[in-house]
Amino acid sequence: MLTELNYFYGKPTVTGQYKQQYEDFIVTEDLGFELTGDGEHVLVYLQKRDCNTIFVAEQLAKYVGISAKLVSYAGLKDRQAVTRQWFSLHMPGQATPDFSDFNLDGCEILKITRHNKKLKIGALKGNYFDITLKMLSDKSGIETKLALIKENGVPNYFGEQRFGREQNNITQAIKWANGEISVKDRKKRSFYLSAARSAIFNDIVSQRIAENLHRTALDGDILQLAGRGSWFVAKTEELDLLQHRLENREITITAPMLGDSPLGTMSQALEFEQNCLKNWTVFLELFKKERIETARRSIVVYPLELNWQWLNDNSLTMHFYLPSGCYATSVIRELIIGNE
């Protein structure tokens, strides 16, 4: 059901490789808020290499003698990478543990402090990325694309990891929606619903690009203020002004994270989205049964602080920042036909 997604700048012609080593993909979490230094939660800042986030959380729980349910984190991080992130251990009335004997291959504890609130999924501002691309076939082609990306961003697609190994999450979601299977496990239900909604979002963004509407405000579009969650509906008489604001990156166009509640768009934009959704009716009853509310997400993401340095004629390291929930692979796929 997942088809190849369209590109902002045309399908890349440059070949290259990434993630040939763990150090080729470095992710540093940015919570975006100050930790209090005291409270019921012990916060552990940890660097991990070739380690699954959930597994590390379980090992931290085991080490301090608490249930794994009492360990949380702001986001799952890539295993095939070097990642730095916070883990929250709920330990009310208990002293901060001594982690000097904590020993887990690929892991190093960098900081320990306390905080007055639990870290919840999504409770981070964003992530810094340092990514090395190797075996690049065309240096000038990469330079051209990077300049375009810095100015105009990339599609805010959900990455392949959202859909599971060999797209298993979306496959299971379709079976669930068709009544072929029942899903009782809470985590699986969440993964499958997320995969379905993400696939629909990606498809709508891709269709918008195909019709060259990804940089054009339509009558009735839902537009989001840059860097903020607030949004509003585009009115006919304001389209010229909104187009100017769009080009200045003051606002962005959104597409739906589909649920059971209304899309929120109107007029031309509503008609466009309804046409896109004709391919996804299989999920409508499931979203209704699960009481999923429709949300909105920007169709474009601008990598902030984007800069790059050539290591030699066919390798470079690039640094950039993405808001929470955005995928570095969406940047990479615009640059190269690549292999991990």
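Calculation rules
Residues numbered from 1 in each chain as written. Predicted model: local features only at pLDDT ≥ 70, side-chain atom pairs only at ≥ 80, totals over all residues. Heavy atoms only, no water. Salt bridge = Lys/Arg side-chain N within 4 Å of Asp/Glu carboxyl O. Buried < 20%, exposed > 50% of the residue type's maximum accessible area, 1.4 Å probe, protein only. Helix = DSSP H or I, 4+ residues; strand = E, 2+ residues; numbered from the N terminus. Phe/Tyr/Trp six-rings, centres within 6.5 Å; stacked < 30°, edge-to-face > 60°. Pairing = 2+ DSSP bridges. Axes fitted to C-alpha atoms, helices over the stretch in contact; angles between N-to-C directions. Contact = heavy atoms within 4.5 Å.

Asker: Go over the pattern of salt bridges, please, and point to the residues and values.
Answerer: The full count for this structure, using the stated rule, is 11 salt bridges. Here E250 ties to R245 by a salt bridge, and the two come within 3.1 Å at their closest N and O atoms. Taking the relative accessible area as the measure of exposure, E250 reaches 37% and is therefore partly exposed. A salt bridge links E273 to R296; the nearest nitrogen and oxygen atoms lie 2.8 Å apart. Note that E273 is positioned in helix α6 (residues 267-276) and R296 in strand β12 (residues 295-298), a separation of 23 residues in sequence. Relative accessible area serves as the criterion here: at 16%, R296 is assigned to the buried category.

Asker: Which residues make up the packing of aromatic side chains, and what are the values?
Answerer: This model, assessed by the stated rule, comprises 12 aromatic pairs. Look at Y63 and F99: their rings are 5.7 Å apart centre to centre, the planes differ by 20°, and that puts the pair in the stacked class. You can see Y63 sitting in helix α1 (residues 53-64) and its partner F99 sitting in the loop between β5 (82-90) and β6 (107-115), a full 36 residues away along the chain. According to the relative accessible area criterion, Y63 is partly exposed, its value standing at 31%. Residue F99 is classed as buried on the basis of its relative accessible area of 7%.

Asker: Tell me about the sheet that holds strand β9 (residues 222-225), and please be specific about residues and values.
Answerer: Read from one edge to the other, the open sheet built from 4 strands follows the order β10-β9-β11-β12, with strand pairing classed as antiparallel. In this open sheet, the two strands that pair with only one neighbour each are β10 (231-233) and β12. The average undirected angle you get between the axes of adjacent strands in this sheet is 45°. Pairing between β9 and β10: 3 bridges, direction antiparallel. Bridged to Q224 within β10 is W231. In the packing of helix α4 (residues 186-210) onto the sheet, contacts are made with β11 (251-257) and β12, and the angle to β11 comes to roughly 135°.

Asker: Which residues make up the pairing of strand β15 (residues 315-323), and what are the values?
Answerer: Looking along a regular strand, one sees side chains alternate from face to face of the sheet. Along β15, 7 of the 9 residues are buried, which leaves the element largely enclosed by surrounding structure. Bridging between strand β7 (residues 126-134) and β15 involves 8 bridges; their strand directions are antiparallel. Bridging across to β15, I131 finds its partner in M318. In this structure, strand β14 (residues 304-312) lies alongside β15, joined through 6 bridges in antiparallel fashion. Bridging from a neighbouring strand, N307 pairs with H319 of β15. Between β14 and β15, which pair antiparallel and follow one another directly, the connecting turn spans 2 residues.

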